[in-house]
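The primary structure of each chain is shown beneath.
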Amino acid sequence: MVSLFTGKTLITNNKDCDEVDTERELSQRLDNKVMLLYFGSGECTRCQQFSPVLKDFFVRLTDEFYVERASQLVLVYVSQDETEERQEKFLKTMPKRWLFLPFQDEFKRELELRFAVSDTPVVVVLKPSGEVIAGNAVEEIRCLGTACFRNWQEAAELVDRSFLLAEYFDDLAKRSITDPIRRLKYKLEKKTRKKERKEVLCPDMELGSSSGTYIW
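Please read these numbers as outputs of a predicted model, since none were measured by experiment.

What counts, and where the lines are drawn
- Residues numbered from 1 in each chain as written.
- Predicted model: local features only at pLDDT ≥ 70, side-chain atom pairs only at ≥ 80, totals over all residues.
- Heavy atoms only, no water.
- Core = buried A, V, L, I, M, F, W, Y, C linked by side-chain atoms within 4.5 Å.
- Buried < 20%, exposed > 50% of the residue type's maximum accessible area, 1.4 Å probe, protein only.
- Helix = DSSP H or I, 4+ residues; strand = E, 2+ residues; numbered from the N terminus.
- Contact = heavy atoms within 4.5 Å.
- Pairing = 2+ DSSP bridges.
- Right-handed = clockwise from strand over helix to strand, strands pointing away.
- Arc of directions from axis to C-beta.
- Disulfide = S-S within 2.5 Å.

Undergrad: Could you give an account of the nonpolar core, with specific residues and numbers?
TA: Of all hydrophobic cores here, the largest spans 31 residues; its most connected members are Leu 36, Tyr 38, Leu 54, Phe 57, Trp 98 and Trp 152. Taken together, the elements giving at least two residues each to this core come down to strand 3 (34-40), helix 2 (45-62), strand 4 (73-79), helix 3 (84-91), strand 6 (122-126), helix 5 (138-144) and helix 6 (147-156). The biggest single contributor to this core is helix 2, with six residues. With sequence-adjacent residues up to four places away left out, Trp 152 is seen in contact with Val 34, Leu 36, Phe 57, Val 125, Ile 133, Ala 137, Glu 140 and Ile 141. Grouped together as the second largest cluster of nonpolar side chains are 22 residues, Val 20, Phe 107, Phe 115 and Val 117 included.

Pasting the structure below:
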């Protein structure tokens, strides 16, 4: 599964937008897990109906409030949103353990073509090897709920991890010393993009309301 995102950056949907991009980090987050690729949008009507279902499905399998230890499941959101602001607005309502690709990453288009995504919502289910278990599990998730994960788990032939939840928090403690620098870089780049968009929408030169003269 790591090979699918080798050389790419995934971002954790938490307050700090932690990046997952080194081979070690990708391996810890993706190896030996069933992966869901969610192609969706916060503006799509069908996605608005399905996203809360998917959120509940994911939380019930990964949140210690519902399970003793998290299931071997990872979800990557492949945004179909029209703007980065809409993507951010949507992700604020979704679980913090979701991962997503940077909005400007053209790899999203490659994934769309690879998995023949022509409409949304689509949930592609993958084995750790990258082999497809389900091309679109939307209706399966709607109808079966968390029960369908057991089917995927068997199909994926996962190696059981007795202490997956502890391993997740251990990963937080072992992060590279360069992680804060990468997080700062991502935040600065995002801030710069927002500033550039604002300058395009609100240039310094404004037209006077009555005289027709320019105000500098």
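Continuing now.
Undergrad: Run through the sheet that holds strand 5 (residues 99-100), naming residues and quoting values.
TA: Here seven strands make up an open sheet; going across it, the order is 2-1-5-4-3-6-7 and the pairing mixed. Two strands bound the open sheet, and with one partner strand each, they are strand 2 (19-20) and strand 7 (132-134). Across five bridges, the pairing between strand 3 and strand 6 is antiparallel. Each residue of the ladder has a partner; that of Leu 36, found in strand 6, is Val 125.

Undergrad: Give me the lowdown on the environment of Val 123, citing residues and values where you can.
TA: You can see Val 123 is positioned in strand 6. Taking the C-alpha atoms as reference, Val 123 lies 9.2 Å from Ile 141; in sequence the two are 18 residues apart. Residue contacts for Val 123: discarding those within four places in its chain leaves Leu 36, Leu 37, Tyr 38, Phe 50, Leu 54, Ala 134, Gly 135, Asn 136, Ala 137, Val 138 and Ile 141.

Undergrad: Can you explain the pairing of strand 3? Please cite residues and give values.
TA: Burial analysis of strand 3 places seven of its seven residues in the buried class, which makes it a mostly covered element. The alternating pattern of strand 3 places Val 34, Leu 36, Tyr 38 and Gly 40 and Met 35, Leu 37 and Phe 39 on opposite faces, both of which are buried. Taken together, the seven bridges between strand 3 and strand 4 define a ladder with parallel strand orientation. The residue bridging Gly 40 from the neighbouring strand is Ser 79, located in strand 4. With respect to chirality, the unit in which strand 3 leads through helix 2 into the neighbouring parallel strand 4 is right-handed.

Undergrad: Pulling in residues and values, what's your account of helix 4 (residues 107-114)?
TA: Turning to helix 4, its buried residues are Phe 107, Lys 108, Leu 111 and Glu 112. The arc enclosing the buried residues of helix 4, seen along the axis, measures out at 150 degrees, which places them on a common side. Structural note: helix 4 exposes Leu 113 and Arg 114 on the side pointing more than 90 degrees away from its buried face. Tucked inside the fold, the buried residues of helix 4 contact strand 3, strand 4 and helix 3. Two residues or fewer after helix 4 comes Ala 116, characterised by a positive phi angle close to 55 degrees.

Undergrad: Hey, could you go over the state of the cysteines for me, with residue numbers and the actual values?
TA: Tallied over the full model, the rule gives zero disulfides. Cys 148 takes part in no disulfide bond, and the closest cysteine sulfur, belonging to Cys 143, lies 9.6 Å away.

Undergrad: Provide a residue-level description of the pairing of strand 6, including the pertinent values.
TA: Counting buried residues along strand 6, five of its five residues qualify, which places the element largely inside the surrounding structure. Neither face of strand 6 is left uncovered, since the one carrying Val 122, Val 124 and Leu 126 and the one carrying Val 123 and Val 125 both have all their residues buried. Taken together, the two bridges between strand 6 and strand 7 define a ladder with antiparallel strand orientation. Paired with Val 125 across the strands is Ala 134, a residue of strand 7.

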